[in-house]
Amino acid sequence: MERAYNISVFTENSIGILNRITIIFTRRHLNIESITASESEVKGVYRYTIVVNTSLDQVKKVVAQIEKQVEVLKAFFHTDDEVVHQEIALYKLSTEAFANGGAEKIVREHHARILTIEKDFTIVEKTGQPEELTVLFNDLSSIGVLEFVRSGRVAISKPMKTLEHYLEELEN
Amino acid sequence: MEKNIRGAEAVMRSLVAEKVDTLFGYPGGAIMPIYDALYDFKDQVNHILVRHEQGAIHAAQGYARTSGKVGVCFATSGPGATNLITGLADAMIDSTPVVCVTGQVASHLLGTDAFQETDVIGISMPVTKWNIQVTKAEDIAGAMAKAFYIAGSGRPGPVLVDITKDAQFGMTDFEYKPCEKIRSYSPKPTIQMNDLNAAVDLLNSAQKPFLVIGQGIILSGAEKELVAFAEKSGIPVASTLLGLGAFPTDHPLYVGYLGMHGNYAPNILTNECDVLLAIGMRFDDRVTGDVSRYAKQAKVIHFDIDAAELNKIIKADVAVLADAKEALVHLTESITPKKHENWLEEFRALEKIENESVVNEAKHPTSDKLKMAEVVNLLSEKTDGKAIIVTDVGQHQMITSRYYQYKGYRSNVTSGGLGTMGFSLPAAIGAKLGNPEKTVVAIIGDGGFQMTIQELGTILQAKVDVKILILNNNFLGMVRQWQQLFFDRRYSFTEIVNPNFTAIAKGYSIDALKITERSELDNGLDTLLNSTGAFLLEVVVEQEENVFPMIETGASVSEIRLN
Ligand SMILES: Cc1ncc(C[n+]2csc(CCOP(=O)(O)OP(=O)(O)O)c2C)c(N)n1
Ligand SMILES: [Mg+2]
């Protein structure tokens, strides 16, 4: 059965490692739904969150192949209910339409934030899960959304074992 | 520590520190500083000038696989580097330790489409275990140390180090520290004892245990430990294509070669055993046939050093992450001594059927035309199974793996995973340079020979004593066989018009002989084997011979056909 899996990968900070990871998906004809990368709580260790829709059997093999890469410290996968995850979206609207179109109500209802108001445009931000971001988009569409951008997912798993702990294991 | 030397010299000093005495390469603009440094190291490192970079990497592979050392090759940027790709892919899938050093355009030109710039890091990523681009002279020693460590440890594989021209010219102090640990890389697994004990329990209670071995035995140097384990446990042993040579083929417990063109008994009885113990093999589809009907009745125990191989193709009841040698030592300690005479009898009975319907006729045919199998069989007898045999890809390869009775360690070199035509000739050059005291025979088809025929020039220049045996059926035989069996004999572009092979060899000052008759075979092989220096023997064989037994695509191992 196919479902969404959240793959977390911890790597050394080296050129090309992202490419090494993504070609593992390409080779298996797997589409990456979203990918984000940034430094983790440990200096020099990078953390990737990759979301794919696939089977349990396939995700296990993919994670094993990722972990096999020389510069990968550790890789895990979790289902949606085993992680806390968020995305962030930015919505650009015309300030004029915004001011006249009942925007305040929408922003309040969605607990969204207004980041900036310029003469020509206003930017609204919302952090949440994909459905919430979409609902806000739909609501704002009545006013007219000029531009919309959404980040990839970041996810933290619920089970507790710290990165430090794994690094210690690897050092020994 | 060397003060203030060029990056190019640091490359050479790194190689010397890694005890590299032989390497294969081809120069060009972006690697010229390294070739210039090499000029001063000629007495320490034997550089073999190949005729094509594909030849360099296959030679490095042949050298590595027969010597157990890391093979090394040099190539220039752009086309030099891209010519390595086939060999990298081959080394990757067949777990061969190779370090390739490529020259690259100067770092300020990266990404500008400069002359002979190619993104070799990007291109080679899927076919290397690891690769790195070095843009500063002071980073060379560290990169080289990591390269050798990664290539040779764990499950071995190819590594590429791309060095920009300015890094080669740049000045640096040099101190070589071999790499011994990389935090994110664990090549030596610690065996989990409860897994091992679970395996021993299964084996001790088995009535029909079956041991299938692969190249992992050879890569971990576990040949002696394997014999000790087999003899104590009494378990019959079968081998994959790349495992050939890991276990003596004349051992009473040896029951044959597995897979598509393997032996009848081990394929059929794979689906009869109660415990299947796989060590250092990866259940390639050429071995398993239809996986959904592979050893379903058996408990499967799988030992491998690569965690990603465990449960990849076949779900194991007991999967153990381990080095083969260490695993075998533990297994031998804990296993209860047994004999499995009745079970072995089952193998012998099926072997008899294969002998009567295929093998006897193949070895001693009554046909007019010479057959590949009789040539290989006689070669095997004449060399007592102890030559290093380097095959190309096709019918002759399958016939050789069936009929050569491998007895020597690291005596089988063939392109298994990738099936690279053109592999044999250059790989044989590398094998000979790594084993000057051994007879090295390259067995090649008329098609594959023409894919790397230019390496005859390497043999000429470096005076490499390779015995070349061309089995000429005037066809791309293996493809023709499939056309005959599965495409209604529609021989679409498999008939091949060949040049005069002996004349070509002679053009390279390599003595050569062509034979067409059975009466000439004995003499022909003697001439080949007793020649001083390289020799080419062309044997004209039956054109439309098929390799049997055969497991058709989609069939189960137990459906192996005899004809
Ligand atoms: C580089 C490459 N191209 C194509 C193939 C497909 N192929 C596999 S066997 C074969 C025929 C080989 O012919 P030959 O070298 O004459 O050997 P034979 O089978 O006749 O013994 C071909 C074309 C291959 N394995 N490698
Ligand atoms: Mg042929």
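Residues numbered from 1 in each chain as written. Chains lettered and ligands numbered in written order. Predicted model: local features only at pLDDT ≥ 70, side-chain atom pairs only at ≥ 80, totals over all residues. Heavy atoms only, no water.

Caption draft 1: Region of interest: the coordination of the magnesium ion (ligand 2). Residue and element names in this part refer to chain B. Donor atoms from the polypeptide that coordinate the magnesium ion (ligand 2) comprise D446 (OD), N473 (OD1) and F475 (O), at 2.1 Å from the metal. Along the chain, the residues that donate to the magnesium ion (ligand 2) are spaced as D-x26-N-x1-F. As far as the burial class goes, N473 and F475 line up, both buried. (Donors = N, O, S within 2.8 Å, 3.2 Å for Na, K, Ca; no water. Buried < 20%, exposed > 50% of the residue type's maximum accessible area, 1.4 Å probe, protein only.)

Caption draft 2: Inspection of the sheet that holds strand β11 (residues 254-257) of chain B at higher detail. Residues and elements named next belong to chain B. Read across the sheet, 6 strands follow the order β11-β10-β9-β12-β13-β14 without closing on themselves; strand pairing throughout is parallel. The sheet is open, and its two edges are formed by β11 and β14 (318-321), each paired on a single side. Ignoring strand direction, the axes of neighbouring strands in this sheet form an average angle of 15 degrees. (Pairing = 2+ DSSP bridges. Helix = DSSP H or I, 4+ residues; strand = E, 2+ residues; numbered from the N terminus. Axes fitted to C-alpha atoms, helices over the stretch in contact; angles between N-to-C directions.)

Caption draft 3: View of the site of ligand 1. All names here are of chain B. Close to ligand 1 lie 18 residues, the nearest being Q395, H396, G419, G448 and G477. Within the backbone of F475, a nitrogen or oxygen atom sits 3.0 Å from an oxygen atom of ligand 1. When ligand 1 sits alone it has 590 Å² of accessible area, and the protein chains cover 77% of it. Counting only elements with at least two residues in the shell around ligand 1, the list comes to α17 (395-403), α19 (446-449) and α21 (477-486). (Near = heavy atom within 4 Å. Polar contact = N/O pair within 3.5 Å; in protein donor to acceptor, adjacent residues only side chain to side chain. Areas by Shrake-Rupley, 256 points an atom, 1.4 Å probe, with all protein chains shown as cover.)

Caption draft 4: Spatial organisation of the domain arrangement of chain A. Taken as a whole, chain A is organised into domain 1 (3-82) and domain 2 (85-150). One C-alpha centre belongs to domain 1 of chain A, the other to domain 2 of chain A, and the line joining them spans 31 Å. (Domains from an automatic or database assignment.)

Caption draft 5: Inspection of the sheet that holds strand β7 (residues 158-164) of chain B at higher detail. Residues and elements named next belong to chain B. Across the sheet, which stays open at both edges, the 6 strands sit in the order β3-β2-β4-β5-β7-β6 with parallel pairing between neighbours. Of all strands in the sheet, those with a lone pairing partner are β3 (46-49) and β6 (130-134), marking the two edges. Taking the axes of each pair of neighbouring strands and ignoring which way they run, one obtains an average angle of 20 degrees across the sheet. In terms of strand pairing, strand β2 (residues 22-25) meets β3 through 4 bridges, oriented parallel. Within β3, the residue paired with L23 across the bridge is H47. Sitting on the sheet, helix α5 (residues 85-93) is in contact with β5 (98-104) and β7, with an inclination near 145 degrees to β7. (Contact = heavy atoms within 4.5 Å.)

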